[in-house]
Amino acid sequence: SSTTSLNFETAGIEVQVDEQIVDMQPIRVAVLGIDIEAQLEPFSFAGAIEPAGKIQVAEFSPRSLMHVLDVDAPETADPVVLSRLSVDADVKVGEAAIQLTNVNIKLDDTTFTGSLAVPRSATGGYRVDLVGDAIDLNRYMEPAAETAGSDAADAAPTELPTDLIKPLNARGSLKMASVVLGDLQLEQVSLGLNAANGRMRIHPITAGLYGGSYSGDVRIDVAGAEPVLTFDEKVQGVDLASLARAMFEQENITGSMNGNFALTGRGNDLDKIQSSLAGSMSFELKDGTYEGMDVWYELRRARALLKEETPPEPKLPAKTKFSSVTATGVVTDGVMRNNDLIADLPFMQLTGNGNVDIPRGTVDYNLRARVYKKPEALEGATQEEIDDFTKTVIPLKITGTLTSPKVRPDVEELLRQRVEEELEDKLKDKLKDLFN
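Every chain's residues receive numbers from 1 upward, in the order its sequence appears when written. Two thresholds apply to this predicted model, a pLDDT of at least 70 for residue-level local features and 80 or more for giving and counting side-chain atom pairs, whereas whole-chain, interface and lining totals are computed over all residues. Excluded from the side-chain calculations are hydrogens and water; all other atoms, namely the structure's heavy atoms, are used.

*Asks:* Would you take a moment to explain the packing of aromatic side chains for this structure?
*Replies:* Think of it this way: a Phe, Tyr or Trp ring, Trp meaning its six-membered ring, pairs with another when their centres are within 6.5 Å, and the plane angle makes it stacked under 30 degrees, edge-to-face over 60, tilted otherwise. On inspection of all chains with the given rule, the structure shows 2 aromatic pairs. A centroid spacing of 5.4 Å and a plane angle of 55° characterise the contact between Trp 296 and Phe 347, whose relative ring orientation is tilted. Of the two residues, Trp 296 sits in helix H5 (residues 295-306) while Phe 347 sits in the loop between strand S20 (335-344) and strand S21 (348-357), which places them 51 residues apart along the sequence. Neither residue differs from the other here; Trp 296 and Phe 347 are each classed as buried. Grouped by ring-pair contacts, the aromatic residues Trp 296, Phe 347 and Phe 389 constitute a single cluster. Segments assigned H or I by DSSP are reported as helices when at least four residues long, segments assigned E as strands when at least two residues long, and all are numbered from the N terminus. The classification of residues rests on relative accessible area computed with a 1.4 Å probe and restricted to protein chains. Under 20% of the type maximum is buried, over 50% is exposed, and intermediate values are partly exposed.

Here it is, written out as structure tokens:
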């Protein structure tokens, strides 16, 4: 067994026996390597002792404290975090809880202000209402798995902190000026917290996200045999270029995005949650450009191949402008099935259906293209091309990864259409001959 020493110092204690009041000079307590100073107001000892005053906890290392207490410190992506913590506050000891107001907490490089309530019983709940400046949560996450030559896909999936959530009994609010979470940079984050009995709800959540807004309602239920996560989220007016750069390291899309995501996932880690996702999704992309894909060129090239003509020269860099792309879908087992995609381009409208595999990050779509009768942007097209394109519906396939999908005309469908047209023409000729 280990021995813990506690040092207590004060310049004097005055006890007024008749009034049953204690008046103490400032006190200093040193325990487990932590220095605590307190200035207490005179307090009564007639009944429950409930002193009030100011408290200062000098900077110490939570990691070092865990080591002293023989507690395993969490492995973090940045090994330096959890090394500096200090607290200043006004304190009032109540019958049910210790109330801390005018709180100033400094954790590593982040400062929090606000109020806290710490329960005095095992069944009591914590109350947290804090405002912070900036924090990079990635520094506090588990370090990325060492792949040692293997693919990153073989790395152990990120597990939910079930053991932390189960005993948590807390409610309150948190506001942050800036938060980095995963690949996302969030501004002016505000969230409410309610956690008890293995169920945590983070609601309401609002934040600025790349020129737009995010709002959400996240529930984590670890009370049962298998954790359940529920998300109800909305993004509005988010800049696509910034989002793609942050999440996928892509520089090939511009425009803005609106989206709604109501999803539920089950499992002990994020991989299982992704592969079990169920619910609904909808999104709208507006007024942008996608680089790496030129739908108009692909149509012209396919027509040339069908007619055994020389394909036109591509216009580089390949890109497709869009004024609007909308889609809604039902999600089961991590796959969104979408039957109402509509994409408005300067020269055509695409409609169709397909799947988005969320865990794998792949797409598989069958689309039909209608070129406008009076197109505004059919660059370089001959009159023959325009006539061919505007008189028929053109089938397209989009497949590949979400970050770099491939578009190609559905040649089989085009050939089938051509054969049907030829048969139809022959039938018309036969009917003419018959009636003549």
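*Asks:* I would appreciate a short explanation of the nonpolar core in the present structure.
*Replies:* Counting 76 residues, the largest nonpolar core has Ile 105, Val 295, Leu 299, Met 348, Leu 350, Tyr 365 and Leu 396 as its most contacted members. Tyr 365 has contacts with Met 336, Asn 338, Leu 341, Asn 353, Gly 354, Asn 355, Val 356, Leu 396, Lys 397 and Ile 398, leaving out every residue within four places of it along the chain. One finds Val 22, Met 24, Ile 27 and Ala 38 within the second-largest nonpolar core, a separate group that totals 5 residues. To define a nonpolar core, start from buried Ala, Val, Leu, Ile, Met, Phe, Trp, Tyr and Cys residues and group those joined through side-chain atoms within 4.5 Å. The contact rule is simple, with two residues in contact once any of their heavy atoms fall within 4.5 Å.

*Asks:* Even after reading the chapter, I still don't get the sheet that holds strand S6 (residues 43-44), so can you show me in this structure?
*Replies:* Think of a sheet as strands paired side by side through backbone hydrogen bonds, with each pair either parallel or antiparallel. Ordered by their spatial adjacency, 3 strands build an open sheet running S2-S3-S6, and the pairing between neighbours is antiparallel. The outermost strands of the open sheet, each flanked by one partner alone, are strand S2 (13-16) and S6. At least two bridges found by DSSP between two strands is the condition for calling them paired. Pairing geometry for S2 and strand S3 (residues 21-24), over 4 bridges, is antiparallel. Residue pairing in the sheet places Gln 16 in a bridge with Ile 21 of S3.

*Asks:* Can you help me understand the pattern of salt bridges in this one?
*Replies:* Side chains carrying opposite charge are able to pair once their charged atoms draw close together. Salt bridge, as used here: a side-chain nitrogen of Lys or Arg that lies within 4 Å of a carboxyl oxygen of Asp or Glu. Per the counting criterion, the structure on display carries 17 salt bridges. A salt bridge links Arg 219 to Asp 217, with the nearest nitrogen and oxygen atoms 3.7 Å apart. Residue Arg 219 is classed as partly exposed on the basis of its relative accessible area, which comes to 41%. We classify Asp 217 as buried; its relative accessible area is 11%. One salt bridge in this structure joins Arg 303 and Glu 309, with 3.2 Å as the shortest N-O distance. Taken together, the shared-partner salt bridges connect Asp 78, Arg 84, Asp 109 and Arg 139 into one network.

*Asks:* So what exactly am I meant to see when it comes to the environment of Arg 139 here?
*Replies:* Examined against the element boundaries, Arg 139 turns out to sit in the loop between strand S11 (126-136) and helix H2 (162-165). Arg 139 gets classed as partly exposed once you look at its relative accessible area, which sits at 21%. For the pair Arg 139 and Leu 181, spaced 42 residues apart in sequence, the C-alpha to C-alpha distance is 9.5 Å. Discounting residues that sit within four places of it in the chain, Arg 139 has contacts with Thr 76, Ala 77, Asp 78, Val 81 and Asp 109. Residues adjacent in sequence count toward polar contacts only when both atoms are side-chain atoms; beyond that, a polar contact is any pair of N or O atoms within 3.5 Å, and within protein one must be able to donate a hydrogen and the other to accept it. In terms of polar contacts, Arg 139 uses its side chain to reach the side chain of Asp 78, at 2.9 Å.

*Asks:* What's the story with the environment of Met 293 in this structure? I'm lost.
*Replies:* When you line up the elements, Met 293 lands in the loop between strand S18 (278-291) and H5. Once the C-alpha coordinates of Met 293 and Val 407 are considered, the two residues, 114 residues apart in sequence, prove to be 7.0 Å apart. Ignoring sequence-local partners within four residues, the contact set of Met 293 consists of Ala 318, Lys 319, Thr 320, Pro 405 and Val 407.

*Asks:* What is the right way to read the side chain of Asn 258 from this model?
*Replies:* Checked against the element boundaries, Asn 258 lands in strand S17 (residues 256-266). When its relative accessible area of 15% is taken as the criterion, Asn 258 is described as buried. If near-sequence neighbours (up to four positions away) are discounted, Asn 258 is found in contact with Val 235, Gln 236, Gly 237, Ser 282, Phe 283, Glu 284 and Lys 286.

*Asks:* Got a minute to help me understand the pairing of strand S14 (residues 199-209) in this structure?
*Replies:* Within a regular strand, side chains alternate between the sheet's two faces. Across 8 bridges, the pairing between strand S13 (residues 184-196) and S14 is antiparallel. Across the sheet, the residue bridging to Ala 196 is Arg 199, located in S14. Hairpin connection, S13 to S14: the antiparallel pair is bridged by 2 residues, and Asn 197 has positive phi, about 55°. Bridging between S14 and strand S15 (residues 212-221) involves 9 bridges; their strand directions are antiparallel. When the bridges of S15 are listed, Gly 208 appears paired with Ser 213. The hairpin turn running from S14 into S15, its antiparallel successor, is 2 residues long, and Tyr 210 in that turn takes a positive phi close to 45°.

*Asks:* How should I be thinking about the environment of Leu 32 in this particular structure?
*Replies:* Tracing the chain through its elements places Leu 32 in the loop between strand S4 (27-31) and strand S5 (34-40). If we ignore the near neighbours within four places in the chain, the residues touching Leu 32 are Thr 4, Ser 5, Leu 65, Val 68 and Leu 69.

*Asks:* Help me understand unusual backbone geometry in this model?
*Replies:* Outside of glycine, negative phi angles account for most residues, and trans bonds account for most peptide bonds. Each neighbour pair has its own omega, and for His 203 with Pro 204 the value is -10°, a cis peptide bond. The topology assignment puts Pro 204 in strand S14. Omega for the peptide link from Leu 316 to Pro 317 comes to -5°, which places this bond in the cis form. When you line up the elements, Pro 317 lands in the loop between H5 and strand S19 (319-332). The backbone phi angle of Asp 70 is positive, close to 60°, even though this residue is not glycine.

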